[in-house]
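# Notes for the structure review
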Amino acid sequence: MGLCGRVRAYIVLGTITGMALAACGGGNGSAASGASPDGFAVACQNPNGWKVIEPGEPGVSIFAPVEAMQAWRQCAGTAATSADLAYGGGTGGVGVEAAPAVYLVLWGSQWSSDPSGEAGILQSFLDGVGGSGWQNTVTQYCEGVASGTIFCNGTGTAAGNRTGELLGVWLDEASAAPTHPRQGQLANEAIRAAQHFGNTTGASNASAQYVIATAHGNSASGFGRQYCAWHSSTSSALVGGNLAYTNLPYITDAGASCGAGFNGLGPDAGITIVEGHELAETMTDPFPSTGWLDSAGAEIGDKCAWISSGQGAAADIALSTGTFAVQSLWSNAFNGGAGGCVLSY
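Applying the stated criterion across every chain yields a total of four salt bridges. In this structure, Arg192 engages Asp172 in a salt bridge whose closest nitrogen and oxygen atoms are separated by 2.8 Å. With Arg192 in helix H4 (residues 183-196) and Asp172 in strand S7 (residues 166-172), this pair connects stretches of sequence that are 20 residues apart. Taken together, the shared-partner salt bridges connect Asp172, Glu189 and Arg192 into one network.

For the rest of this paragraph, the subject is the sheet that holds strand S10 (residues 241-248). Two orientations exist for strands paired in a sheet by backbone hydrogen bonds: parallel and antiparallel. Spatially, the seven strands line up as an open sheet ordered S1-S2-S9-S10-S8-S4-S7, and their pairing is mixed. Unpaired on one side and paired on the other, strand S1 (49-51) and S7 mark the two borders of the sheet. This sheet shows a mean twist of 30° between the axes of neighbouring strands, independent of strand direction. The sheet contact formed by S1 and strand S2 (residues 60-63) spans three bridges and is antiparallel. Within S2, the position partnered with Trp50 by the bridge is Ser61.

In this section: the environment of Ile271. If you trace the backbone, Ile271 turns up in helix H6 (residues 269-284). Between the C-alpha atom of Ile271 and that of Ile121, which follows or precedes it by 150 residues, the distance is 7.7 Å.

Time to look at the pairing of S2. Because side chains alternate across S2, one face comprises the buried residues Val60 and Ile62, and the other comprises Ser61 and Phe63, equally buried. Two elements, S2 and strand S9 (residues 229-236), share three bridges in a ladder whose sense is antiparallel. By the bridge assignment, Phe63 is partnered in S9 with Ala229.

Attention shifts here to H4. The end-to-end C-alpha distance of H4, which contains 14 residues, comes to 20 Å, matching closely the 20 Å that a straight helix rising 1.5 Å per residue would cover. Along H4, the residues that are buried comprise Gln183, Leu186, Ala187, Glu189, Ala190, Ile191, Ala193 and Ala194. Where H4 ends, the next residue or the one after it, Gly198, has phi of about 80°, a positive value.

Cut-off values and rules
- Residues numbered from 1 in each chain as written.
- Predicted model: local features only at pLDDT ≥ 70, side-chain atom pairs only at ≥ 80, totals over all residues.
- Heavy atoms only, no water.
- Salt bridge = Lys/Arg side-chain N within 4 Å of Asp/Glu carboxyl O.
- Helix = DSSP H or I, 4+ residues; strand = E, 2+ residues; numbered from the N terminus.
- Pairing = 2+ DSSP bridges.
- Axes fitted to C-alpha atoms, helices over the stretch in contact; angles between N-to-C directions.
- Buried < 20%, exposed > 50% of the residue type's maximum accessible area, 1.4 Å probe, protein only.
- Expected span 1.5 Å × (residues − 1).

In structure tokens form, the structure reads like this:
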């Protein structure tokens, strides 16, 4: 399928807006019509970022499948990574995770089946990634500075990169998770997880993130078509206010669309590429979208998603717990402040 066919396909799936059709000769205009100053802002829009995926629910920050990103990059060209991240002001004073605390939740008795060994891979990756050069990229972003800040330059409080940030794993297998969990059910599981780990105050959840991993054949609607994963936040008096969480489906169920074999990195590459993407984005935009984003709403991982060659191409990194595939992350500081996608900082 050519570029225009892919764009039309993803319009139907809701991951690229209908305005993208203009780039393929549809709609009322074209990319060459001068409809926007850069020629791409209207005709080509990043399929990642803040989207409403379930009617009646708030938006979430999605990580789009490989095909959607490839179609967008062909359409947008250099406009895909042209703007630095800027601080959005945070929520209740929280705009980054200053002392990251990661909790992995294996939701449902369905985890008795784990054909790709995803539980172990996720635990090993999350147990080793804190303190790495890869995660260190997040430390250039901060909170406690003015909205619109691009370079913290030592001011404010930086996002953290601490070793041992995986503070707990919960196999919640007392009952089956919903066959295809809805957004509200995922949020409620994150609240239950916070209670399970004893995090019932705003302070204990200010830098916490709950990775709600669903089992083989058990993912929420839209997985593999609209998104590979997404992160969001919810709020409850039971946990002292806001908390950040990720919907992490069983990644290998989506095959190549969510990273299996991506860039020759092996059949399990997508597991840690996708979770690493969500991990870093939650650290720098825990309560979307009030942390660090570019002018189009893209986060630290969105701008560097599914790069297969050149600067910022996905690659393996060595951690104390093993070797894992990751994507690059956006660094405002790279290339003398011009910005770019990097695998370490």
